[in-house]
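Descriptive analysis of the structure
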Amino acid sequence: MASDAFGEAVHEGDLAKALFHVHERPLESFLHEPVDIAVVGEAGAGKSSFINALRGLREEDEGAAETGLVGGQQDPMPYRHPGLPLVTLWELPGVETPLSAPQKEPDLSHYDFFIIVGSQRFRSAHANLAHSIEGLGRRFFFVRTKVDLDLEASRRQRPGSFNEAEVLHRIWQDCDQGLRGEGVAQPQVFVVANWEPNCYNFPLLQEILKKELPAIRRQASLLRHLPMCSRILDQKQSSLMWEVWKVTLLSSLLAALPIPGLSFICTYFLFRAQLARYCKSFGLDERSLAALAWRVGQPVGELQAVREHPGVTRVPWLKLMADAASAAAILVGRWKGFTIVGCLVSAGLAFIPTYALLRKAVRYLAKDTQKVLHQALKAEGKKSM
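So, a few notes on the structure that sits alongside this text. (Residues numbered from 1 in each chain as written. Predicted model: local features only at pLDDT ≥ 70, side-chain atom pairs only at ≥ 80, totals over all residues. Heavy atoms only, no water.)

**A few points about the overall build of the protein chain**
Scanning the protein chain from terminus to terminus reveals 13 helices and 6 strands. In the protein chain, once contacts between residues fewer than 6 apart in sequence are set aside, the share between residues at least 24 apart is 72%. Of the accessible surface of the protein chain, which amounts to about 19500 Å², a share of 57% is contributed by carbon and sulfur atoms. (Helix = DSSP H or I, 4+ residues; strand = E, 2+ residues; numbered from the N terminus. Contact = heavy atoms within 4.5 Å. Areas by Shrake-Rupley, 256 points an atom, 1.4 Å probe, with all protein chains shown as cover.)

**Topic: the side chain of Glu42**
Note on placement: Glu42 falls in the loop between strand 1 (35-40) and helix 3 (47-54). Judged by its relative accessible area of 6%, Glu42 falls in the buried class. Here the side chain of Glu42 touches His126 through a polar contact of 2.8 Å, side chain to side chain. (Buried < 20%, exposed > 50% of the residue type's maximum accessible area, 1.4 Å probe, protein only. Polar contact = N/O pair within 3.5 Å; in protein donor to acceptor, adjacent residues only side chain to side chain.)

**Comments concerning the pattern of salt bridges**
If you walk through the whole model with that rule in mind, you get 11 salt bridges. The shortest N-O distance in the salt bridge between Glu152 and Arg156 comes to 3.8 Å. Of this pair, Glu152 and Arg156 both sit in helix 5 (residues 147-157), 4 residues apart, which is roughly one turn of the helix. The exposure class assigned to Glu152 is partly exposed, which follows from its relative accessible area of 33%. (Salt bridge = Lys/Arg side-chain N within 4 Å of Asp/Glu carboxyl O.)

**Thoughts on the environment of Leu19**
Topologically, Leu19 is positioned in helix 2 (residues 15-23). With 357 residues separating them along the chain, Leu19 and Ala376 place their C-alpha atoms 7.9 Å apart.

**Some remarks on unusual backbone geometry**
Phi at Lys146 takes a positive value of approximately 60 degrees, unusual for a residue other than glycine. Structurally, the position occupied by Lys146 is in the loop between strand 5 (140-144) and helix 5. In this structure, Tyr200 takes a positive phi of about 55 degrees despite not being glycine. You can see Tyr200 is positioned in the loop between strand 6 (189-191) and helix 7 (202-223).

**A closer look at the packing of helix 3 against helix 7**
Packing of helix 3 against helix 7 leaves a shortest axis separation of 11 Å and a crossing angle of 70 degrees. Considering their axes alone, helix 3 and helix 7 lie roughly perpendicular with respect to each other. In the packing of helix 3 onto helix 7, the handedness of the crossing is right-handed. The residues of helix 7 that touch helix 3, namely those facing Phe50, Ala53 and Leu54, are Phe202, Leu205, Gln206 and Leu209. Here the contact of helix 3 with helix 7 is composed, by residue class, of 6 nonpolar, 1 polar and no charged. (Axes fitted to C-alpha atoms, helices over the stretch in contact; angles between N-to-C directions. Parallel < 35°, antiparallel > 145°, perpendicular 65-115°, else oblique. Left-handed = near helix turned anticlockwise from the far one by under 90°. Nonpolar A, V, L, I, M, F, W, Y, C, P; charged D, E, K, R; others polar.)

**Description of the packing of aromatic side chains**
Ring pairs (aromatic) are described by centroid distance and by the angle formed between their planes. For the structure on display, the rule yields 6 aromatic pairs. The ring of Phe282 is capped by Lys236, whose NZ or CZ atom sits 5.0 Å from the centre of that ring. (Phe/Tyr/Trp six-rings, centres within 6.5 Å; stacked < 30°, edge-to-face > 60°. Lys NZ or Arg CZ within 6 Å of the ring centre and 35° of its normal.)

**Structural notes on the sheet that holds strand 4 (residues 113-118)**
Sheet strands line up and pair through hydrogen bonds in the backbone, either parallel or antiparallel. Spatially, 6 strands are ordered 2-3-1-4-5-6 in an open sheet, and the strand pairing comes out mixed. Looking at strand neighbours, the two that pair on one side only are strand 2 (77-80) and strand 6, the edges of this open sheet. Strand-to-strand twist in this sheet, taken as the mean axis angle between neighbours without regard to direction, amounts to 25 degrees. Here 5 bridges tie strand 1 to strand 3 (residues 87-91), and the two strands are oriented parallel to one another. Residue Ile37 lies in a different strand from strand 3, and its bridge partner there is Leu89. Contacts from helix 3 reach strand 1, strand 2, strand 3, strand 4 and strand 5 within the one sheet, and its direction differs from that of strand 3 by about 160 degrees. Docked against the sheet, helix 6 (residues 164-181) engages strand 5 and strand 6, running at close to 150 degrees with respect to strand 6. (Pairing = 2+ DSSP bridges.)

**As for a negative patch on the surface**
Taken together, the side chains of Glu59, Glu60, Asp61 and Glu66 define an acidic patch exposed on the protein surface. With respect to the helices and strands, Glu59 occurs in the loop between helix 3 and strand 2. (Patch = residues over 30% accessible without salt bridge, like charges linked within 9 Å, V, L, I, M, F, W, Y side chains within 5 Å. Lys, Arg positive; Asp, Glu negative; His and termini not counted. Charge placed at Lys NZ, Arg CZ, Asp CG, Glu CD.)

**What to know about the environment of Ala45**
Within the element layout of this structure, Ala45 appears in the loop between strand 1 and helix 3. A relative accessible area of 0% places Ala45 in the buried class.

**Thoughts on the side chain of Ser119**
Among the secondary structure elements, Ser119 is positioned in the loop between strand 4 and helix 4 (124-135). Apart from the residues lying within four places of it in its own chain, the contact partners of Ser119 are Glu42, Gly44, Ala45, Arg144, Thr145 and Lys146.

**Some details on the nonpolar core**
The biggest cluster of nonpolar side chains holds 43 residues, and the ones touching the most others in it are Phe6, Leu19, Tyr278, Phe282 and Leu292. Contributions of two or more residues to this core are made by helix 1 (2-12), helix 2, helix 7, helix 8 (225-255), helix 9 (260-281), helix 10 (286-296) and helix 13 (339-382). Ranked by the residues each element gives to this core, the list is headed by helix 13, at 12 residues. Once residues within four sequence positions are removed from consideration, Tyr278 is found in contact with Leu240, Glu243, Val244, Val247, Leu358, Val362 and Leu365. Counting residues in hydrophobic clusters, the runner-up holds 26 residues, among them Ile37, Val39, Ile51 and Leu89. (Core = buried A, V, L, I, M, F, W, Y, C linked by side-chain atoms within 4.5 Å.)

**Some words on a positive patch on the surface**
Together, Arg359, Lys360, Arg363 and Lys367 make up a region of like positive charge exposed at the surface. Assignment of secondary structure puts Lys367 in helix 13. What makes Lys367 partly exposed here is its relative accessible area of 43%.

**Remarks on the environment of Val362**
Here Val362 shows up in helix 13. Looking at Val362, the relative accessible area reads 0%, which means it is buried. Separated by 126 residues in the primary sequence, Val362 and Lys236 have C-alpha atoms spaced 9.3 Å apart. The contacts of Val362, once residues within four sequence positions are left out, are Gln237, Leu240, Met241, Val244, Tyr278 and Phe282.

Here you go:
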């Protein structure tokens, strides 16, 4: 299976090969992937009514979302979409706004796609949601509800100069410019009236959602690889920890050589070679990252930028100081006539920092690999959108 091949490639440290196994799958192969779509926005924006309209239901129909809840709901509520197989719409609790009571921040990481619902004008809460969603590597539609009320208010205020198309364009433009001002490159904005699902942008919204659903399924499937990556990298990290013991022991034996300069050079180059080997083993060396960047169509710098510990393969000053102290122990032992004691002290001084630093390097490389894979999977998912 593709997921097995993906996992094996990650374990081998061939991240480009792992993404190849994902990339070669056509959109049709994702048709049976479930999709969780979160409908999120401030309380009172019309999320429940929107979900009902999207499902072709009225409030009195069986299974319809309850509207007008006093104080708003506290837990996410799932609703199956009757016309889109394996699609679940989740109504999330209202997000906090400056005029609302404090709300618990919703956990957005469980959802594959988002519909931000807002009424009146574009708010900072909408911008915060957009940033959070894009930070997770997901996409969203922005839906401006209750435009029927805005049209009616404008008609009463300016009965002589009222122009429905102009009012609708201003409403759409307010949302579009608000999102672009927050760095969203090509926002998809729809103006709707929940009680009139055949008017304004509602039919267009339903058409585009249905059209883009295969790509949404593909992106959802890609991001579900991340928990698998985490388990594989944890296993790999554990297996490498056993090797750290052997390398550390060898380093100590080399440090105990009765020739100070030779012991220093041997332990230094052994440590440096192991750091490079671990880096390549995780697929974070320059050549491997270049292949991965080419595979997902991103600059290498963007993959490197997500790493928390890019300098982990450099030999730290602590290691150099420890090796120097080991060599000094041999010299002092020979000077005092206790060569064997000096060699034993030298071995001990080399053991502790080598073991600690190699363990830390393996741990940091595993974390960085997880972040690089997340970035690569996000980039791969955007290709089909």
